[in-house]
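Chain residues, written in single-letter form:
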Amino acid sequence: MPAPEGHLLHEWLRQSAAAHPHALAIVEEERTTSFAELLQQAEALAGLFCQLGIQPCDCIALALPKTSEAIVAVFAALLAGVLYVPIHPGWPQERVDAILEECGALLMIRGEGEALRILDLRTRQSLAWTAATEAVEPAMLPRIEPEDSAFILFTSGSTGRPKGVELSHRAVSAFVRWTAEEFKIGPGDRIACPSPLGFDLSTFDIFNMALCGATVVLVPDHIAWMPRFLVQFVREARISCWYSVPSILAGMVRDGRMAAHSYPHLRLILFAGEVFPAPALAALQAVVPNALCANLYGPTETNVVTWCRVPEGFDGQQPLPIGRPCPYAAVRIDESNGELLAGGDSLMRGYWNRPEETAGRMVTLDGIPYYRTGDRVVLAPEGDYLYLGRLDRQIKRRGFRIELGEIEAALLSHADILEAAVVAVANPRQSVCIAAFVRLSAPDTMTMTDIKTHCGRRLPTYMLPDRILFVDAIAKGGRGKTDYLALGKMLEGL
Amino acid sequence: MKIRNEIREFVASQFLPDAPAATITDTMPLITSGIIDSIGMLGLVDFIESSYTIEFMPREIDVHKLDTVERIETLIRAKLSGRAEDQEQAALQ
């Protein structure tokens with residue numbers, strides 16, 4: 001059976017539903033959804049969007065956990081030519097409000113199971129959505145082009161407001177088509193990707209399902225947080241392809257007793273989003289010696305642009321390179337500062353409604369537009385790119401991208417906090433510790449708990465500082481700028 | 001009170017190093033407030049499982065059940081009484 005043609009993500013679903021209507025598209029614990037059912041439900045919801053007056057290129061927010069309904073809503077949005085904006089249900093209200101305002105979403109879908117609701121943000125009216133919603137004539141749906149936008153993913157913004165990365169069908173297709181071909185993904189595969197919808201990793205499972213006729217096996221929330229439960233899930237759900245951040249895999253090997261079992265179905269393990277500590281990666285490979293393991297690299301703005309297969313018998317003595325360019329990517333180094341520039345078919349259209357910020361991060365060389373990744377790299381003699389570090393204050397924690405400036409902005413939004421500086425240091429559990437230095441308006445006006453609670457109302461939990469240090473003054477260097485190096489050194493001494 | 005105080009001591013030592021354990025009340029949210037993050041939750045579960053010689057299964061624990069000292073105690077007591085029942089059953093068979 002040939003793979004669906006073209007670059008339109010929802011057309012892949014239409015073609016797969018025609019080719020194998022009864023095959024399983026989604027498995028969610030005891031619930032299953034076939035390709036035919038998924039298409040029918042998505043077309044019905046797309047019709048509802050049209051009836052509600054939602055036009056192509058409008059935005060709708062999906063405030064949903066990664067459930068079967070969320071995947072229906074994703075394809076409904078794509079069919080209707082509407083840009084979907086994933087919103088993690090656990091995000092604090094202030095962040096959600098900032099994103100809704102930024103993208104101008106007209107609808108928000110939220111809730112779970114029977115309680116799914118569509119909130120019309122124009123009228124504040126709410127209506128129920130069930131899978132039984134009547135189908136719509138496909139002719140009602142608009143014509144979509146590959147260059148049209150598919151969705152917006154919001155990431156941390158250094159000025160204190162999250163920014164939206166706008167991606168086209170073609171950009172997503174470049175990555176998904178490459179993975180399907182390179183890793184030979186097909187109808188027999190059962191793909192798990194525990195990343196939430198708002199994470200670019202989540203394009204892998206959902207769209208490979210549509211393109212290749214594979215099955216997405218959703219990782220329930222009550223499993224996803226605990227390494228031991230995840231290991232059991234991979235085994236019992238007979239997962240064949242896995243894609244996650246390294247932290248999750250390292251946790252499964254370290255804390256999940258992964259080595260106590262074998263995983264005969266698991267043939268592909270992909271990871272991205274942060275550096276995989278080499279010894280932990282060697283330990284993973286030893287547990288699944290027959291699985292192909294590969295490191296994928298790329299920021300949300302370009303999705304994956306380079307990749308590196310973990311060599312057989314990887315001993316963990318050297319860090320793994322980020323590898324060589326994917327065939328659809330254009331990659332080069334800015335010789336002035338060692339920054340990796342990334343472009344090609346998977347490049348974003350830009351930051352939503354922020355042309356100046358987009359222009360500030362883009363550079364055109366020899367007629368090719370590139371995104372300035374902010375990652376410092378070097379090209380090894382063998383032709384692999386090696387990651388050296390960041391050029392700015394962005395960090396990764398458990399694969400989540402964090403601008404430390406956004407945490408400072410959240411701290412400074414409290415009237416009793418006069419100054420704040422945030423630094424990140426490595427901690428023994430192979431993660432990152434975020435420390436906030438805080439100068440209060442008067443001693444004892446706030447406790448550590450007050451500050452954590454204040455931040456918790458504004459920031460997702462992965463961005464919350466682990467340590468808060470009250471200081472009388474924040475170290476300054478020349479020109480009165482915060483001396484982050486000195487603050488980092490202070491932490492080492494504590 | 002013993003279980004509650006043990007949990008309080010652990011949370012204070014791991015997540016609020018500069019605060020006395022007594023400042024953590026029985027109903028103070030620990031996870032939803034951001035005091036304990038997801039990695040911290042794993043440490044908390046490790047501590048509970050090893051201290052009381054119990055092992056949780058999926059669906060038995062979640063953010064809600066671990067969010068306050070009071071709920072953690074309820075969780076531990078339910079698991080301990082379940083284990084006692086299991087042992088009685090085993091003894092009868």
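Residues numbered from 1 in each chain as written. Chains lettered and ligands numbered in written order. Predicted model: local features only at pLDDT ≥ 70, side-chain atom pairs only at ≥ 80, totals over all residues. Heavy atoms only, no water.

1. Things to note about the overall build of chain B
Helix and strand counts for chain B stand at 3 helices and 0 strands. The linear arrangement of helices and strands in chain B, starting from the amino end, is α-α-α. For chain B, the C-alpha atoms occupy an extent of roughly 50 × 25 × 20 Å along the three principal directions. Taking the intrachain contacts of chain B between residues at least 6 apart in sequence as the baseline, contacts between residues at least 24 apart amount to 53%. When the accessible surface of chain B is split by element, carbon and sulfur atoms take 54% of a total near 4900 Å². Counting 9 positive and 16 negative side-chain charges, chain B places the averaged centre of each group 4 Å from the other. (Helix = DSSP H or I, 4+ residues; strand = E, 2+ residues; numbered from the N terminus. Contact = heavy atoms within 4.5 Å. Areas by Shrake-Rupley, 256 points an atom, 1.4 Å probe, with all protein chains shown as cover. Lys, Arg positive; Asp, Glu negative; His and termini not counted. Charge placed at Lys NZ, Arg CZ, Asp CG, Glu CD.)

2. Concerning the packing of aromatic side chains
For any two aromatic rings, the description comes down to two numbers: the centre-to-centre distance and the angle of the planes. Applying the stated criterion across every chain yields a total of 13 aromatic pairs over all chains. Seen from their ring centres, Phe 400 of chain A and Tyr 462 of chain A are 3.9 Å apart, and the 10 degrees between their planes marks the pair as stacked. Note that Phe 400 of chain A is positioned in strand β24 (residues 400-403) and Tyr 462 of chain A in the loop between α13 (448-456) and β27 (467-470), a separation of 62 residues in sequence. Relative to Phe 15 of chain B, the ring of Phe 10 of chain B lies with its centre 6.2 Å away and its plane at 80 degrees, an arrangement referred to as edge-to-face. Overall, Phe 15 of chain B belongs to the buried group, its relative accessible area being 13%. (Phe/Tyr/Trp six-rings, centres within 6.5 Å; stacked < 30°, edge-to-face > 60°. Buried < 20%, exposed > 50% of the residue type's maximum accessible area, 1.4 Å probe, protein only.)

3. Remarks on the pattern of salt bridges
Residues and elements named next belong to chain A. The final tally for this structure, using the stated rule, is 39 salt bridges over all chains. We note a salt bridge from Arg 401 to Glu 301, for which the minimum N-O separation is 2.6 Å. Highlighted residues: Arg 401 in strand β24 and Glu 301 in the loop between β14 (292-297) and β15 (306-309), separated in sequence by 100 residues. Exposure remark for Arg 401: the relative accessible area of 10% places this residue in the buried category. Classification of Glu 301 as buried rests on a relative accessible area of 0%. (Salt bridge = Lys/Arg side-chain N within 4 Å of Asp/Glu carboxyl O.)

4. Regarding the packing of helix α2 (residues 35-51) of chain A against helix α3 (residues 68-79) of chain A
Residue and element names in this part refer to chain A. Packing of α2 against α3 leaves a shortest axis separation of 8 Å and a crossing angle of 55 degrees. Relative to α3, α2 is oriented oblique. Between α2 and α3 lies a crossing of right-handed hand. In contact with Leu 38, Gln 41, Ala 42, Glu 43, Leu 45, Ala 46 and Phe 49 of α2, α3 contributes Ile 71, Val 72, Ala 73, Phe 75, Ala 76, Ala 77 and Leu 79. Here the residues of the contact of α2 with α3 are counted per class, giving 12 nonpolar, 1 polar and 1 charged. (Axes fitted to C-alpha atoms, helices over the stretch in contact; angles between N-to-C directions. Parallel < 35°, antiparallel > 145°, perpendicular 65-115°, else oblique. Left-handed = near helix turned anticlockwise from the far one by under 90°. Nonpolar A, V, L, I, M, F, W, Y, C, P; charged D, E, K, R; others polar.)

5. Here's the deal with unusual backbone geometry
All names here are of chain A. For Asn 353, which is not a glycine, the phi torsion comes out positive at approximately 60 degrees. Tracing the backbone shows Asn 353 in the loop between β19 (350-351) and α11 (355-361). Residue Asn 353 is classed as exposed on the basis of its relative accessible area of 59%. If you check the backbone angles, Asp 444 has positive phi at about 65 degrees while not being a glycine.

6. A look at the nonpolar core
Core analysis: the largest hydrophobic core is formed by 107 residues, its most contacted members being Trp 242 and Leu 411 of chain A together with Ile 48 and Leu 66 of chain B. Shared between two domains, this core takes at least three residues from each, and those domains are domain 1 (9-309) and domain 3 (401-492) of chain A. (Core = buried A, V, L, I, M, F, W, Y, C linked by side-chain atoms within 4.5 Å. Domains from an automatic or database assignment.)

7. Observations concerning the pairing of strand β18 (residues 339-344) of chain A
Summarising burial for β18 of chain A: 5 of the 6 residues are buried, a large majority. Where strand β17 (residues 329-334) of chain A folds back onto β18 of chain A in an antiparallel hairpin, the turn is made up of 4 residues, including Gly 338 of chain A, whose phi is positive at roughly 75 degrees. (Pairing = 2+ DSSP bridges.)

8. Focus on the interface of chain A and chain B
Contacts between the two partners involve 21 residues from chain A, matched on the other side by 21 residues from chain B. Summing both sides of the interface, chain A and chain B together bury roughly 1900 Å²; the carbon and sulfur share of this comes to 60%. Put simply, chain A and chain B have 5 salt bridges between them. Between Glu 55 of chain B and Arg 257 of chain A there is a salt bridge; the shortest N-O distance is 3.4 Å. (Buried area = accessible area lost by both parts, 1.4 Å probe.)

9. Quick notes on the state of the cysteines
Residues and elements named next belong to chain A. Taken as a whole, this structure holds 0 disulfides over all chains when the rule is applied. In this structure Cys 57 is a free cysteine whose sulfur lies 8.8 Å from that of Cys 59, the closest cysteine sulfur available. Residue Cys 455 stays outside any disulfide, its sulfur separated by 14 Å from that of Cys 433, the closest cysteine. For Cys 455, a relative accessible area of 0% translates into the label buried. (Disulfide = S-S within 2.5 Å.)

10. Section: the domain arrangement of chain A
The parts lose accessible area when they come together, and the size of an interface is often stated as this lost area. All names here are of chain A. Partitioning chain A into domains gives domain 1 (9-309), domain 2 (324-390) and domain 3 (401-492). The straight-line distance from the C-alpha centre of domain 1 to that of domain 3 is 33 Å. Between domain 1 and domain 3, the residue contacts involve 20 residues of the former and 15 residues of the latter. For the pair domain 1 and domain 3, the two sides together bury roughly 1300 Å², of which 41% comes from carbon and sulfur. Taken together, domain 1 and domain 3 are joined by 3 salt bridges.

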